[in-house]
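# Results of the structural survey
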Amino acid sequence: MGYIILRALKRQKKKNVLLLIQFFVGFLAMFLAIAMVQNIWRYRQQIQQLVPERAIQMANYEEDGQTGEDKQVQAYEKVVQKLEKEKEIERILLFENIILQLDEQEEVEGLEMHLNTLQTTQFLLTKGSTKELCEYKGGSVIPILVTQAMESTHPYGSEFTAREETSKDPKAVKHYRVVGVISEKMKFWSGNMIPASDGLKDGGEEWFVTPETKACNSPAAFGSNLIFVPKAGQEQQAETKLQQAYEEQGITAEPFSVKKQIEEYYNGQKTFIFVLIFFAVILLFLSVLGCIGTILASIMQRKEEFGIYVSMGFTKRKLARLILGELGCLFAAAFMLAVAMCGLVLTGMDLNTGLRMNGQMVGMGACIMLVCVGVSAVMPVRRVGMLQPIELMEGRR
């Protein structure tokens, strides 16, 4: 049967190549649409590992980003002190971007997190835990989490010294011990970004996390890395309190909830997703119609061939299986080409969620392919079933 199917496909090479191209483009558009939808879902899931959706970032677009400006730092500290007393605010999160000089030629950017931030974040670790970071109260050895990208040079349990370039005393050497390894699947804020969700660090990159070792003295950190988590159901009241606290200190900022940030990310891709879905549906629909017409026409043209098969003992069921086999090969070839091409496209796009071709996408695509095969096969199989032996014998003459 397989040999017969392959010969039949070769005989109708031109028509089959055209159908193959149509279905390939349709499946590719379908995979890209699925990928974009999955990308948004993963983006939301990754953000939720960091903070609840109700969390609010106060966006200060006028911040100049300089550090060491005591008046600005004092103003932010007063804001935090005031808001810590407000019943609508559940937690206040803060982290600071720091740079460690590991040796004369190597430096690594990382984050110094305050306790609330450490306790709120759902870290994905391959080794160790965050317990020592959460319990750190000062000491000569500072616990640190490193990413898998740093594990080869700073393995779990190892110790090293480094200079913190962003501290007031950059020459001071600090002692660190690796107490955990962050999974390459972990995402975290890059820091100093508005909105915060625009920049997500990848666990496959080199970065680290340390507990708070000093009071934050960076206006940039206060302006971009300060996130407030209101109590559930009190988001509006919390936003009002936040704006009042900032205005009292003469700081121009506006509330930018994490939920809104996710919605803006979705809105930025919504049109592209809808265009892909529309294009994929229309193209697959037209391809299926064209496929049905082509096969019905070929059945009428292949009566002599079918007559020979009947004389060899083929039943109508076997003829139907032959048609299904040809369809299956055509769809499978287009499907596999689309999977390979989509994998290359996603790698080239380098989405900020790190999305790649995966089993879930292939499974969803396979289900859609099987539906297309089923719809394409109904009329041709029925037409084969209606063929009478006399028609086939006439075809042979």
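Reading the values: rules and limits
- Residues numbered from 1 in each chain as written.
- Predicted model: local features only at pLDDT ≥ 70, side-chain atom pairs only at ≥ 80, totals over all residues.
- Heavy atoms only, no water.
- Helix = DSSP H or I, 4+ residues; strand = E, 2+ residues; numbered from the N terminus.
- Rg over C-alpha atoms; globule rule 2.2 N^0.38 Å.
- Buried < 20%, exposed > 50% of the residue type's maximum accessible area, 1.4 Å probe, protein only.
- Areas by Shrake-Rupley, 256 points an atom, 1.4 Å probe, with all protein chains shown as cover.
- Lys, Arg positive; Asp, Glu negative; His and termini not counted.
- Charge placed at Lys NZ, Arg CZ, Asp CG, Glu CD.
- Phe/Tyr/Trp six-rings, centres within 6.5 Å; stacked < 30°, edge-to-face > 60°.
- Disulfide = S-S within 2.5 Å.
- Salt bridge = Lys/Arg side-chain N within 4 Å of Asp/Glu carboxyl O.
- pLDDT = per-residue confidence, 0-100.
- Contact = heavy atoms within 4.5 Å.
- Core = buried A, V, L, I, M, F, W, Y, C linked by side-chain atoms within 4.5 Å.
- Patch = residues over 30% accessible without salt bridge, like charges linked within 9 Å, V, L, I, M, F, W, Y side chains within 5 Å.

Bringing the overall build of the protein into the picture now. Each helix and strand in the protein was counted, giving 13 helices and 12 strands. Radius of gyration (C-alpha) of the protein: 31 Å, far over the 21 Å computed for a compact globule of 397 residues. Counting only C-alpha atoms and orienting by the principal axes, one finds that the protein spans roughly 100 × 45 × 30 Å. Looking at the protein residue by residue over its 397 residues, the buried ones come to 47%. Just so you have it, the protein exposes about 19,900 Å², and 56% of that area is on carbon and sulfur atoms. Taking the average place of the 43 positive charges on the side chains of the protein and the average place of its 44 negative ones, the gap between the two points comes to 18 Å.

Under the criterion given, the structure shown has 13 aromatic pairs. When the ring of Phe 95 is compared with that of Phe 188, the centres are 5.6 Å apart and the planes differ by 70°; the resulting orientation is edge-to-face. With Phe 95 in strand S2 (residues 89–101) and Phe 188 in strand S8 (residues 187–189), the pair connects residues that are 93 residues apart, well separated along the chain. The pair formed by Phe 95 and Phe 188 is uniform in burial state, with each residue classed as buried. One aromatic cluster is present, formed by Phe 23, Phe 27, Phe 31, Phe 331 and Phe 335 through successive ring pairs.

With that settled, consider the state of the cysteines. Note on terminology: a disulfide is the covalent bond linking the sulfur atoms of two cysteines. Counted according to the given criterion, the structure contains zero disulfides. Looking at Cys 329, it has no disulfide partner, and the nearest cysteine sulfur is the one in Cys 291, 12 Å off. The thiol of Cys 342 is not disulfide-bonded; the next cysteine sulfur, from Cys 372, is found 16 Å away.

Our focus in this paragraph is the pattern of salt bridges. Using the criterion set out here, one finds nine salt bridges in the structure. Between Lys 174 and Glu 164 there is a salt bridge, and its shortest N-O distance comes to 2.9 Å. Taken together, the residues Lys 174 in strand S7 (residues 173–182) and Glu 164 in strand S6 (residues 159–164) connect sequence positions 10 residues apart.

Caution applies to low-pLDDT parts of the model: their predicted coordinates are not meant to be read in detail. Here the protein averages 83 in pLDDT, while 90% of its residues score no lower than 70. Predicted confidence in the protein is weakest over helix H13 (residues 389–396), with a mean pLDDT of 57, and strongest over strand S5 (residues 141–147), with 94. When the criterion is pLDDT under 50, residues 64–68 qualifies, and its contacts beyond four places in sequence or with other chains add up to 10 contacts.

Turning to the nonpolar core, a few remarks are in order. Core analysis: the biggest nonpolar cluster contains 72 residues, and Phe 23, Phe 27, Phe 188, Trp 189, Val 209 and Phe 331 have the highest contact counts within it. If one sorts the elements of this core by residue count, helix H2 (residues 13–48) sits on top with 16 residues. Beyond its immediate chain neighbours, meaning those up to four positions away, Phe 331 contacts Phe 23, Phe 27, Cys 291, Met 369, Cys 372, Val 373 and Ser 376. Core analysis: the second largest hydrophobic core is formed by 22 residues, Ala 75, Tyr 76, Val 79 and Cys 216 among them.

A few words now on a nonpolar patch on the surface. On the surface, a cluster of nonpolar side chains totalling about 440 Å² of accessible area is made up of Val 37, Tyr 266, Phe 274, Ile 277 and Val 281. In terms of residue count, the dominant contributor to the nonpolar patch is helix H9 (residues 258–301) (four residues). In this structure, Phe 274 sits in helix H9.

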